[in-house]
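As a plain string of letters, each chain reads:
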Amino acid sequence: MSGTLSIGDLSRATGVKPTTIRFYEGEGLLSPPGRTEGGHRVYARAHLDRLGFIRHARELGFAMEDIRELLRLADAAPDAPCEGADAIARRHLAGVRERLARLRSLEAELERMTDCHNGRLAECRVIEVLADAEHGHCVDPTHRGDAARG
């Protein structure tokens, strides 16, 4: 890499759209870049590295607030213990595990629901299950009796 990058170069190097790069700047996740005499943004290696960090964290599903905190921790004291970063990652992992459990439950319910061999809509298991507003046909107890959830 040369000493500086345009926003287009930075975008191509990281796979992050220029509008997203400007958004991250506006949110304070990326420091303001230098400017040419013509007013064009000029990015340094530090911007490339930081944007790579942000993109990777987003790909792993970290919330913007968590990314902001991880960056703050890394910027404040790189030699400090990593317990704060670890706590953020563990909290995120717990959330991922909860979503996976809900998805497994959803998968099982859909498999059961689509095991329909009646041949007629009047006897179709899919229609029967979806028409049951009280979720009485659902195997997953978290679905039962919560018709207001939608």
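Residues numbered from 1 in each chain as written. Predicted model: local features only at pLDDT ≥ 70, side-chain atom pairs only at ≥ 80, totals over all residues. Heavy atoms only, no water.

Turning our eyes to something else, we now look at helix α4 (residues 64-76). End to end, α4 covers 18 Å across 13 residues, agreeing with the expected 18 Å (1.5 Å per residue, within 8%). Residues Met64, Asp66, Ile67, Leu70 and Leu71 constitute the buried set of α4. Buried residues of α4, viewed axially, fall in a sector of 160 degrees; they line one side. Exposed and facing more than 90 degrees away from the buried side of α4 are Glu65 and Ala76. Packing partners of the buried residues in α4 comprise α2 (18-26), α3 (45-59) and α5 (83-113). (Helix = DSSP H or I, 4+ residues; strand = E, 2+ residues; numbered from the N terminus. Expected span 1.5 Å × (residues − 1). Buried < 20%, exposed > 50% of the residue type's maximum accessible area, 1.4 Å probe, protein only. Arc of directions from axis to C-beta. Contact = heavy atoms within 4.5 Å.)

A few words on the packing of helix α1 (residues 7-14) against α3. Contact pair α1 / α3: the axes reach a minimum separation of 10 Å and the direction vectors enclose 45 degrees. When the interaxial angle is binned, α1 and α3 end up oblique. Considering the relative orientation of α1 and α3, their crossing is right-handed. The residues of α3 that touch α1, namely those facing Leu10, Ala13 and Thr14, are His47, Leu48, Leu51 and Arg55. Broken down by class, the residue content of the contact of α1 with α3 amounts to four nonpolar, two polar and one charged. (Axes fitted to C-alpha atoms, helices over the stretch in contact; angles between N-to-C directions. Parallel < 35°, antiparallel > 145°, perpendicular 65-115°, else oblique. Left-handed = near helix turned anticlockwise from the far one by under 90°. Nonpolar A, V, L, I, M, F, W, Y, C, P; charged D, E, K, R; others polar.)

Honestly, that's just the spatial picture; any functional story needs more than this.
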